[in-house]
Each structure stands twice: as structure tokens, then as C-alpha cells.
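Results of the structural survey
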Amino acid sequence: MLTEQRRRQILDMLKRDGRAVAGELARLWGVSEDTIRRDMRDMASAGLLKRVHGGALPVAAPLPGLSTRRGLATEEKRRLAVAAVQLIAPEQVIFLDGGTTTAEIVRHIPRDMALTVITHAPTIAAELEAHGAVDVVLIGGRIYKHSMVSVGPTALAAIERLRPDVFFLGATAAHASDGLTTGDFEEAAIKRRILERSLATYCPLTLDKLDSVSPFGIAAIPELTGMIVVSEAEDTVLEGYRSRGANVILA
């Protein structure tokens, strides 16, 4: 089998199975494991996959800007939001991450529900304008414009003084073994610290984010209180997360 044929098939396997194991491919194709590792190393350098111990994982597609994301998978996000709102109770302190799914959660919070909502996303704070019973706390710092959230030491210092009841976490990718990841180093650090400070953390995930990996780690799957996905998610996919201790909530 020619080099280009092997590499195309590796990409096909990642798309179909969500992983590729070097030893298995070497036996299947009758080549050395070093040959497969070299293929994967070159493909990782080209940004086509993410190398991990023993093989490779798919790379999450580049995330469009916030304004573009507002129009993507709107019905799926609506269902995730409806399920998320069922997890909060009046008088709680809620931390809302940035992002379009989180904005959808705001739209489904009853207007008369008394809450304290903390966010480091000015766009999320603005969504709460019409919620008269909600006290809004906006965390400041340097704005990471791609996600429109505050990052850096000022934001981290404020987060250290908080203890939210529930955190709704946004991630660009999720994988059973590599956990939740995102595309920016500072944003990942902020998300990780909010999770550590929160009593419960839920992550709503659209199906396109499952079984992929972004460059910067947020948390392992068992660190979540629950991950929220729509009921169309394949059982074989979800079983990988459940085997790692995930509480999967179907929307």
C-alpha cells in the first residue's frame, strides 16, 4: 500500500471510529508499526490529526467566530438548553460560560426565577437584561474576542473568591480519554479554575464536538457532574464516555 493510500485510510478511520491504533493498523496492512507512527507524525505536523500514546485521534475542526456560530445547530442547542435549565433551582448561584449554547440556556431561564448569575462573557450578561429577578455579576479581564470572554490574571483572581452552585461549561471538543478541550490556552485555564471552584459542572455538547480533540485541556470526563447531549447520539459513542465515569444526560 502506498504512503498516500495509508494516510487517506487513517483519516477515514478517524472519521468513522474516532481513533486509530498504530499496532492494529500495522498488523492489518502488513507494515511495521514504525511506518504507521511515521505516517501519524507527519500527519500531525500537517494538522490532520492529534498523536496520542499508541495511535491518533481526530482534530476538532476550527471553530467559527461567535457571530457565525449563532446560526449553527440552533434546534440542537435549544434542546440542550431546555435540559440544562432543568438542572438549576431558584436562589442558586450559577456560573455561565461564554458561547452560543450558553446564550440559549439564558433564553430558557424563566423570567421570574430568582438567581445570581456570574459570567465572564459580556454577551451573556447582556442576554440577561430582561431577567428582572436575576442578579448579574460580570467578571472582568482581557477579552478573548473569539469567544468574547474575559481571561488572564484579573479574571482568575475574581474566580478564586467564588463558589458557584452550578457551572455550565462550554468546550470545543470532547473525547472519552482526552477529556474536554478548547482552542486557547488562557481560556482553558479559566474554564478549568471555574470548574474547580464550582459545586457542580455540566457541559452541554452538540454532536459535532464528540470524539474530537482541541489543543488545550480543560478537564477529564470524570470531573464533570454531567455531560448533556441530544438523544440522537449513538449508544456506541456514549458508551465510551460512560465507561470513563460520565453521567450522560439526554436532551
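Our subject is the structure that appears above.
What comes next concerns the included structure. (Residues numbered from 1 in each chain as written. Predicted model: local features only at pLDDT ≥ 70, side-chain atom pairs only at ≥ 80, totals over all residues. Heavy atoms only, no water.)

It is worth spelling out the pairing of strand S4 (residues 93–96) at this point. Pairing of S4 with strand S5 (residues 115–119), which is carried by four bridges, proceeds in the parallel orientation. Following the sheet pairing, Leu96 is matched in S5 by Thr119. In this fold, S4 hands off to helix H6 (residues 100–108), which returns the chain to S5; that crossover is right-handed. Pairing analysis gives three bridges linking S4 to strand S9 (residues 166–168), with the strands arranged parallel. Within S9, the residue paired with Phe95 across the bridge is Phe167. (Pairing = 2+ DSSP bridges. Helix = DSSP H or I, 4+ residues; strand = E, 2+ residues; numbered from the N terminus. Right-handed = clockwise from strand over helix to strand, strands pointing away.)

Turning next to the sheet that holds strand S10 (residues 173–175). Reading across the sheet, the three strands line up as S10-S11-S13 and stay open at both edges, with antiparallel pairing between neighbours. Looking at which strands have only one partner, the edges of the open sheet turn out to be S10 and strand S13 (216–219). For this sheet, the mean inter-axis angle between neighbouring strands, taken without regard to orientation, is 35 degrees. Here three bridges tie S10 to strand S11 (residues 179–182), and the two strands are oriented antiparallel to one another. (Axes fitted to C-alpha atoms, helices over the stretch in contact; angles between N-to-C directions.)

Turning to the nonpolar core, a few remarks are in order. Residues Phe168, Leu180, Leu205 and Met227 are the most contacted members of the largest nonpolar core, which totals 60 residues. Sort the elements by how many residues they give to this core and helix H5 (residues 74–85) lands first, with five residues. When residues no more than four places from it in sequence are discounted, the contact partners of Phe168 are Ala84, Leu87, Ile88, Ile94, Phe95, Leu96, Asp97, Ile105 and Tyr202. Grouped together as the second largest cluster of nonpolar side chains are 13 residues, Ile10, Ala26, Trp29 and Ile36 included. (Core = buried A, V, L, I, M, F, W, Y, C linked by side-chain atoms within 4.5 Å. Buried < 20%, exposed > 50% of the residue type's maximum accessible area, 1.4 Å probe, protein only. Contact = heavy atoms within 4.5 Å.)

The next thing to look at is the pairing of strand S6 (residues 134–138). Pairing between S5 and S6: five bridges, direction parallel. In the strand pairing of S6, Thr119 is matched with Leu138. The parallel pair S5 and S6 is bridged by helix H7 (residues 122–127), and the resulting crossover is right-handed.

Next up on the list: unusual backbone geometry. Of note, the phi angle at Met148 is positive, near 55 degrees, even though the residue is not glycine. Among the secondary structure elements, Met148 is positioned in the loop between strand S7 (142–144) and strand S8 (149–151). Overall, the relative accessible area of 24% leaves Met148 in the partly exposed class. Backbone geometry at Asp211 places phi at a positive 60 degrees, although glycine is not the residue there. Relative to the helices and strands, Asp211 is located in the loop between strand S12 (200–204) and S13.

Interpretation note: all reported values are geometric properties and have no functional meaning in isolation.
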